[in-house]
Amino acid sequence: MILTDTPAARIEALAAAQKARFRTGETRPEAFRRTMLRRLDAALTNWEDRLCEALWEDLHKSREEAILTELSLIRGEIRQHLRHLHAWMRPEQRPTPMKLQPARSRIIAEPLGQALIVAPWNYPVQLLLNPLVGAISAGCTAVLKPSPHTPHVARVLEAMIAEIFDEEYVTVVQGGRDVNTQLFALRWDVIFFTGSPALGRVVMSAAAQHLTPVILELGGKSPCIVDRGADLRIAARRIAWGKTINAGQTCVAPDYLLIHHTLREEFVTAYAEAVRAFHGENPRKSPHYARMVDERAFERVAEYLSQGRILFGGETDPEERYIAPTLLGEVDPAAPVMQEEIFGPVLPVMTFETTDEVVEFVTSREKPLALYYFGPEKQGQKILASTSSGGACLNDTVAQIANDRMPFGGVGQSGMGRYHGRESFEAFSHRRSVLETSGRIDLPFRYPPYRWFDWVKRIL
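Cut-off values and rules
- Residues numbered from 1 in each chain as written.
- Predicted model: local features only at pLDDT ≥ 70, side-chain atom pairs only at ≥ 80, totals over all residues.
- Heavy atoms only, no water.
- 1 Å grid on protein atoms, 1.4 Å probe; cavity = no way out; pocket = protein on both sides within 12 Å on 5 of 7 lines; lining within 4 Å.
- Points joined across faces, edges and corners; volume = space filled by probe spheres on them.
- Helix = DSSP H or I, 4+ residues; strand = E, 2+ residues; numbered from the N terminus.
- Nonpolar A, V, L, I, M, F, W, Y, C, P; charged D, E, K, R; others polar.
- Polar contact = N/O pair within 3.5 Å; in protein donor to acceptor, adjacent residues only side chain to side chain.
- Contact = heavy atoms within 4.5 Å.
- Buried < 20%, exposed > 50% of the residue type's maximum accessible area, 1.4 Å probe, protein only.
- Phe/Tyr/Trp six-rings, centres within 6.5 Å; stacked < 30°, edge-to-face > 60°.
- Lys NZ or Arg CZ within 6 Å of the ring centre and 35° of its normal.
- Pairing = 2+ DSSP bridges.
- Axes fitted to C-alpha atoms, helices over the stretch in contact; angles between N-to-C directions.
- Parallel < 35°, antiparallel > 145°, perpendicular 65-115°, else oblique.
- Left-handed = near helix turned anticlockwise from the far one by under 90°.
- Expected span 1.5 Å × (residues − 1).

Enquirer: Please set out the layout of surface pockets residue by residue, giving values where relevant.
Expert: Approximately 1400 Å³ is the volume attributed to the largest pocket. What lines the largest pocket is a set of 48 residues, among which Trp-121, Gly-195, Ser-196, Pro-197 and Leu-199 lie closest to the centre. Mapped onto the lining of the largest pocket, the elements with two or more residues apiece are helix 7 (177-185), strand 6 (190-194), helix 8 (197-208) and helix 11 (295-304). Residue composition of the lining of the largest pocket, by class: 23 nonpolar, 13 polar and twelve charged.

Printed below as a string of structure tokens:
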């Protein structure tokens, strides 16, 4: 399926219409926001079959995985916002110092305005609609731009959004790089972008022309560390799960493995057993194993297989865009497989002797979106204290993203800004400081010629 780009004139008209709609104030009341959140929640139920079918068409993603990793996360986010929206919208009282009395101080959360949300192809439903929940909750309007690399999903999302929202409030535009260029050149009140660090730089550069705030959810090479004292069976199972979901096309998937040199062979065996338990002897026949999104992605990831020794897996089928879950040993740290985000089911394996080596290796590279450690909790805490990442798990992988009560976001090269739960509401809000002073009492000490200044200094 080939998507037709939304015409440039229509994009400009939609942007202008949304700007006008926001200025009416219609999107601000709590009742309106709640109605729109419930409308989105109902649509996820009504459109569930069509969304799951589209995810299968584009990514060979099973219904179970689609619900687990996409739809359920959005529904959980909506429930969080409906439960707490009133409290989040309530003005926050702050103390007022004596020098400003009589007065009161408070912080008001107000919507930033018109949002642009640009999503990638790997989780094309979740990563478009989860930020939308925050935009709706905060009282914004939104233009949504799905990825053209998952055209079936993009079409279904466009139809769903058109059914439940007026286009002057929330709408979908379609297209590739040219449409992105046009969108980024327009003036928005906030841009929410999920994608690669390279494209993140493009977004940030364009946003700088209008001083537009940005939330950049990027990626990077997330390390996974397996230390002595880890339960290898559980570690292998959880790492295999995190690495094979969506065929490794997950921004927080383990990107390379650092394992104590005494554990490597046993881990390889345990990893193979875990993959077979999930997907059978031949993952190609598994109904729960996804495919690379397109030929270009397949060729890029398949090329990594020649950059080390295959310890497990390694089978490919270009016609199906299939790459088996693979462990890759004897890799060169300078090779592309250890420099680029893999975004596929290939896991390079490197060994270490001391955790000091691990810390040195991880901190010598860009800050990742996630860090995973398997081993004694005390040692894991030391690793966390010596490194930096957007998020982390001790003795698990990927699960941190499923907790909608914790913020999700990167640091440094892996992104800026956070969302999920209250952080989603705040990502699309401006926290406005308001000082209200008495209109009847006007103390003279602030005005020239500053009488009694020696006394005034004592309260400043």
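Here the narrative resumes.
Enquirer: Kindly report on the side chain of His-60, identifying the contributing residues and their values.
Expert: With respect to the element layout, His-60 can be found in the loop between helix 3 (48-59) and helix 4 (63-89). Within the local environment of His-60, its side chain forms a polar contact with the backbone oxygen of Tyr-289, the two atoms lying 3.0 Å apart. When near neighbours in sequence (up to four residues on either side) are disregarded, His-60 contacts Leu-55, Ser-286, Tyr-289, Ala-290 and Arg-291.

Enquirer: Any details on unusual backbone geometry? Residues and values, ideally.
Expert: One non-glycine residue, Ala-247, lies in positive phi territory at about 55°. If you trace the backbone, Ala-247 turns up in the loop between helix 9 (232-244) and strand 9 (256-260). For Ala-247, a relative accessible area of 1% gives the class buried. Positive phi outside glycine occurs at Asn-395, with the angle close to 65°. When you line up the elements, Asn-395 lands in the loop between strand 16 (391-394) and strand 17 (415-416). Judged by relative accessible area, which is 27%, Asn-395 ranks as partly exposed.

Enquirer: Account for the environment of Thr-355, naming residues and giving values.
Expert: Relative to the helices and strands, Thr-355 is located in helix 12 (residues 355-363). Judged by relative accessible area, which is 18%, Thr-355 ranks as buried. As for Thr-355 and Ala-142, which are separated by 213 residues in sequence, their C-alpha atoms are 46 Å apart. With residues up to four places along the chain from it excluded, the contact list for Thr-355 reads Asp-227, Gln-379 and Ile-383.

Enquirer: Just give me the short version of the packing of aromatic side chains, but keep the residues and values in it.
Expert: Inspection of the entire model under this criterion finds twelve aromatic pairs. Pairing Tyr-256 with Phe-361 gives two aromatic rings, centres 5.7 Å apart and planes at 70°, and the pair type is edge-to-face. Of the two residues, Tyr-256 sits in strand 9 while Phe-361 sits in helix 12, which places them 105 residues apart along the sequence. Both residues of the pair, Tyr-256 and Phe-361, count as buried. Ring pairs connect the aromatic residues Phe-192, Phe-408, Tyr-419 and Phe-428, which therefore count as one cluster. Here the basic side chain of Arg-50 rests over the ring of Trp-47, its NZ or CZ set 3.6 Å away from the ring centre.

Enquirer: Would you mind going over the sheet that holds strand 10 (residues 309-312) in detail, with residue names and values included?
Expert: Strand order in this open sheet of seven strands is 10-13-14-9-8-15-16, and the pairing throughout is mixed. Looking at which strands have only one partner, the edges of the open sheet turn out to be strand 10 and strand 16. If you compare each strand with its neighbour and ignore which way they point, the axes differ by 25° on average. The pairing of strand 8 (residues 223-226) with strand 9 spans four bridges and is classified as parallel. Looking at strand 9, one finds that Cys-224 is bridged to Leu-257.

Enquirer: Requested: an account of the packing of helix 12 against helix 13 (residues 377-386), with residues and values cited.
Expert: Contact geometry for helix 12 and helix 13: axes closest at 10 Å, N-to-C directions at 30°. Comparing their axes, helix 13 and helix 12 come out roughly parallel. As helix 12 runs across helix 13, the sense of the crossing is right-handed. For the pair helix 12 and helix 13, contact is made by Thr-355, Val-359 and Thr-363 and by Gln-379, Ile-383 and Ser-386, respectively. Taken together, the residues of the contact of helix 12 with helix 13 sort by class into two nonpolar, four polar and no charged.

Enquirer: Which residues make up helix 8, and what values go with them?
Expert: Over its twelve residues, helix 8 extends 16 Å from the first C-alpha to the last, a length consistent with the 16 Å expected when each residue adds 1.5 Å. If you check which residues of helix 8 are buried, you get Pro-197, Gly-200, Val-203, Ala-206 and Ala-207. Summarising the contacts, the buried residues of helix 8 are in contact with helix 7, strand 6 and strand 7 (214-217).

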